[in-house]
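Here's the letter readout for the chains.
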Amino acid sequence: MNKVRARRLALRYCGREFTEGELDRIRQIIADPQMAGRCAISRAVCTALGWRKPDGGLKEVSCRVALLRMEADGLLHLPPARPAPPRFDATFFSRSSAPGPEVTGSRGDLGEVRLVCATGTAETRLWNELVFRYHYLGHQPPVGANLRYLAYAGNQLLAALGFGAAAWTLAPRDSFIGWMPAQRQARLHLVANNFRLLVLPWVNVRFLASSLLAQAARELPRDWTARYGFAPLLLEAFVETGRFRGTCYAAANWRYVGETQGRGKLDRLNRPNRPPKAIWLYPLDRRFRDVLTAPLDEVVPGGGHTAHPTPLLQRRGD
């Protein structure tokens, strides 16, 4: 890779291109003595660069991640971080995430299953604890728009599911959609990634995982709209092929479209550094391709170009 190519790639962080002028502006913000810490810097950077989420809020979390990566690449120097709260370990786990009595049988034996959005402090902490304790990938704070669900049958806790930002570039997915790079950049927020699916270890219920995926696909568009003002049109998931077969995704009518190259979610590396994963997709709207590949002067849910007064889904006869 030549130096010009390497430099161009280095200026893309968290799905956004940064010009040299913007990097200079970021350095000016960091140098301002009135900036009280990294959080204040990220808010100021988002405001100065107009870096906002589809609902209009500042993309502070993505900005903080981008700034850290810029610092690691030697492009800027951030002030020292304030002491972080202790990471989860056995001394910080609450009773609510402790192993429960074994649950067996089939999905039909459970009756109604509820998906509860983890929005409050207690629910969010419980979700985090469960994933940290029992998911093989552990817990990492999601970046960008996300929804986290806890699944219950009555008062019995069964599972935890998480949906968040999609992978920046993914050749099999992009080919399935029919995306050109500019369309992907403008419409990526309309794809949500199922970044965690955890059926708790003491829950051995046949067909539960596929049932939860199907239920989440029905409820997520409404919940996402309530929080962010628009609904995703497509779901994606990655299944590590050395560990799992993806049977529950197939049973829930997700579509296998290929495998990753093992280069990481943000595709900033030029060599594989992790196990390949099967890519599964689930359309949430039958016209998802029409919207995701629409000309860039078309309005799409959640933002984008505004040449038309109403969203493309509505203008096509809904």
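Residues numbered from 1 in each chain as written. Predicted model: local features only at pLDDT ≥ 70, side-chain atom pairs only at ≥ 80, totals over all residues. Heavy atoms only, no water.

Asks: I keep staring at the pattern of salt bridges and nothing clicks. Help me out?
Replies: Charged atoms that come close allow side chains of opposite charge to pair. Under the definition given, this model contains 13 salt bridges. Salt-bridge contacts for arginine 184 lead to aspartate 174; the nearest nitrogen and oxygen are separated by 3.5 Å. Highlighted residues: arginine 184 in helix H7 (residues 181-187) and aspartate 174 in helix H6 (residues 171-177), separated in sequence by 10 residues. Both residues of the pair, arginine 184 and aspartate 174, count as buried. The shortest N-O distance in the salt bridge between aspartate 285 and arginine 287 comes to 3.4 Å. Across the pair, arginine 287 and aspartate 285 agree in class, each one buried. One network of salt bridges, with partners in common, ties together Arg173, Asp174, Arg184 and Glu236. (Salt bridge = Lys/Arg side-chain N within 4 Å of Asp/Glu carboxyl O. Helix = DSSP H or I, 4+ residues; strand = E, 2+ residues; numbered from the N terminus. Buried < 20%, exposed > 50% of the residue type's maximum accessible area, 1.4 Å probe, protein only.)

Asks: How should the side chain of serine 62 be read in this particular structure?
Replies: Considering the arrangement of structural elements, one finds serine 62 in helix H4 (residues 60-72). In contact with serine 62, other than residues within four places in its own chain, are Cys14, Trp51, Val143 and Gly144. (Contact = heavy atoms within 4.5 Å.)

Asks: It is not clear to me how the packing of helix H3 (residues 38-49) against H4 should be interpreted in this structure. Could you clarify?
Replies: A packed helix pair is summarised by two numbers, namely the angle formed by the two axes and the spacing between the axes. Where H3 meets H4, the axes come as close as 9 Å, and the angle between the chain directions of the two elements is 105°. Taken together, the axes of H3 and H4 lie roughly perpendicular to each other. Residue-level inspection shows Arg38, Cys39, Ile41, Ser42, Arg43, Val45 and Cys46 of H3 in contact with H4, the latter providing Glu60, Cys63, Arg64, Leu67, Leu68 and Glu71. Partitioning the contact of H3 with H4 into residue classes produces 7 nonpolar, 1 polar and 5 charged. (Axes fitted to C-alpha atoms, helices over the stretch in contact; angles between N-to-C directions. Parallel < 35°, antiparallel > 145°, perpendicular 65-115°, else oblique. Nonpolar A, V, L, I, M, F, W, Y, C, P; charged D, E, K, R; others polar.)

Asks: Explanation requested: the nonpolar core in the structure shown.
Replies: Most often, soluble globular proteins keep nonpolar side chains buried together rather than apart. If you look at the biggest cluster of nonpolar residues, it comprises 68 residues, and the most contacted ones within it are Leu158 and Tyr249. When residues in this core are grouped by element, the largest group, 9 residues, is from helix H8 (residues 208-228). If we skip the residues at most four places from it in the chain, tyrosine 249 touches Asn194, Leu197, Leu213, Ala237, Val239, Trp254 and Trp280. If you look at the next biggest cluster of nonpolar residues, it comprises 20 residues, including Leu23, Ile26, Cys63 and Leu67. (Core = buried A, V, L, I, M, F, W, Y, C linked by side-chain atoms within 4.5 Å.)

Asks: Could you clarify how one ought to interpret unusual backbone geometry in this entry?
Replies: Trans is the common state for peptide bonds, and a negative phi is the common state for residues other than glycine. The phi angle at cysteine 14 is positive, at roughly 50°, despite the residue not being glycine. Looking at where cysteine 14 falls in the secondary structure, it is placed in the loop between strand E1 (12-13) and strand E2 (16-17). We note that phenylalanine 207 has phi near 70°; this positive angle belongs to a residue other than glycine. Its place among the elements puts phenylalanine 207 in the loop between strand E8 (203-206) and H8.

Asks: Mind showing me how you'd approach the packing of aromatic side chains here?
Replies: Note on aromatic pairs: each is described by the distance of the centres and the angle between the planes. Enumeration according to the criterion identifies 13 aromatic pairs in this entry. Centroid distance phenylalanine 18 to tryptophan 51: 5.5 Å. Interplanar angle 80°. Geometry classified as edge-to-face. In this pair, phenylalanine 18 sits in the loop between E2 and helix H2 (20-31) while tryptophan 51 sits in the loop between H3 and H4, placing the two residues 33 residues apart along the sequence. The buried category is assigned to tryptophan 51, whose relative accessible area is 7%. (Phe/Tyr/Trp six-rings, centres within 6.5 Å; stacked < 30°, edge-to-face > 60°.)

Asks: Would you take a moment to explain the pairing of strand E5 (residues 147-153) for this structure?
Replies: Consecutive residues of a regular strand have side chains that alternate between opposite faces of the sheet. Within E5, 7 of the 7 residues are buried, which leaves it mostly tucked inside the rest of the structure. Across the two faces of E5 the burial is the same, with Leu147, Tyr149, Ala151 and Ala153 and Arg148, Leu150 and Tyr152 all buried. Here strand E4 (residues 114-117) pairs with E5 via 4 bridges, running antiparallel. Across the sheet, cysteine 117 pairs through a bridge with tyrosine 149, a residue of E5. When E5 meets strand E6 (residues 156-165), the two strands line up antiparallel, connected through 7 bridges. Note that in E6 the partner of leucine 147 across the bridge is phenylalanine 163. The turn joining E5 and E6, which pair antiparallel and follow one another in sequence, is formed by 2 residues; a positive phi near 65° is taken by glycine 154. (Pairing = 2+ DSSP bridges.)

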